[in-house]
Amino acid sequence: MPALSTDGQDNSQNGGGPVAASAPARPYWIGIGVMAIGAVWLYGASGLPQGARYAAVGPGLFVTISGAALLVLGAILILQIWRGESFEPQEAEDAQADAGMDRRAFFTALVAVAVPIATMKPLGMPFTATIAFMLVANAFGSRRWWLDLICGAVLAALAWFLFARLGLQLGGFFPPLGF
């Protein structure tokens, strides 16, 4: 009986031994990258206070928790890659495995992330969050920008008022108008 390889091919011409199949490269760099980001967050959090005088939660606590979570998730990802688990889209994800990157959506989301850098101080948190919300919704496929602006404005105003009620200073509501 001929020796068959894992793909069902007859290997009798090479002495019946197993054929060395080239295994696809495993993307360990993804897990290492996630862990590196977690390490950077933990390093940054080390300079922030973990607690505050007026509240038990300081600005460094959430950064520390996020950095630790990234380290754990990166380690889990490396373990999954080492075990050989495949990361193919599942039926429920409604994703096409061979689809290319949507550059328009990527750059729209990138602009949404950059908007707060330029607009937070001069225009205030609610306006900035409204614009960022609309851009992210557009990047995810929404084409009703006016509805996205309304939803973003309501959520941003609500967040601003709730944080102000808790005593946290987020700056003025809309500094160009003086409030």
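Up top is the structure these notes are about.
This write-up is about the structure you can find in this document. (Residues numbered from 1 in each chain as written. Predicted model: local features only at pLDDT ≥ 70, side-chain atom pairs only at ≥ 80, totals over all residues. Heavy atoms only, no water.)

A word on the packing of helix α3 (residues 103-123) against helix α4 (residues 125-139). As a packed pair, α3 and α4 sit with axes 8 Å apart at the nearest point and diverge in direction by 180 degrees. Viewed along their axes, α3 and α4 adopt a mutual orientation that is roughly antiparallel. Every residue of α4 that contacts α3 at Arg104, Ala105, Thr108, Ala109, Val111, Ala112, Val115, Pro116, Thr119, Met120 and Leu123 is listed here: Met125, Phe127, Thr128, Ile131, Ala132, Leu135, Val136, Asn138 and Ala139. Class assignment of the residues belonging to the contact of α3 with α4 gives a composition of 15 nonpolar, four polar and one charged. (Axes fitted to C-alpha atoms, helices over the stretch in contact; angles between N-to-C directions. Helix = DSSP H or I, 4+ residues; strand = E, 2+ residues; numbered from the N terminus. Parallel < 35°, antiparallel > 145°, perpendicular 65-115°, else oblique. Contact = heavy atoms within 4.5 Å. Nonpolar A, V, L, I, M, F, W, Y, C, P; charged D, E, K, R; others polar.)

Quick reminder: α-helices carry 3.6 residues per turn. Residues three or four places apart thus point the same way. Taking 1.5 Å as the rise per residue, α4 with 15 residues should run 21 Å; its terminal C-alpha atoms sit 21 Å apart, in good agreement. On its buried face, α4 is in contact with α3 and α5 (145-165). The first or second residue beyond α4 is glycine 141, which carries a positive phi of 110 degrees. (Expected span 1.5 Å × (residues − 1).)

Turning to the packing of helix α1 (residues 28-45) against helix α2 (residues 59-83), a few remarks are in order. At a closest axis distance of 8 Å, the pairing of α1 and α2 adopts a crossing angle of 165 degrees. It follows that α1 is roughly antiparallel to α2 by the angle criterion. Crossing angle aside, the handedness with which α1 passes α2 is left-handed. For the contact of α1 with α2, the class distribution of residues is 20 nonpolar, seven polar and no charged. (Left-handed = near helix turned anticlockwise from the far one by under 90°.)

Here we take up the packing of aromatic side chains. Applying the stated rule across the entire model yields six aromatic pairs. Aromatic side chains phenylalanine 106 and phenylalanine 107 sit 5.1 Å apart centroid to centroid with 75 degrees between the ring planes, which places their arrangement in the edge-to-face category. With a relative accessible area of 41%, phenylalanine 106 lands in the partly exposed category. Look at phenylalanine 107 and you get partly exposed, because its relative accessible area is 45%. Ring centres of tryptophan 160 and phenylalanine 173 lie 5.1 Å apart, and the angle between their planes is 80 degrees; this geometry places the pair in the edge-to-face category. A residue pair is termed long-range when its members are at least 10 positions apart, and tryptophan 160 in helix α5 and phenylalanine 173 in the segment after α5 qualify at 13 residues. (Phe/Tyr/Trp six-rings, centres within 6.5 Å; stacked < 30°, edge-to-face > 60°. Buried < 20%, exposed > 50% of the residue type's maximum accessible area, 1.4 Å probe, protein only.)

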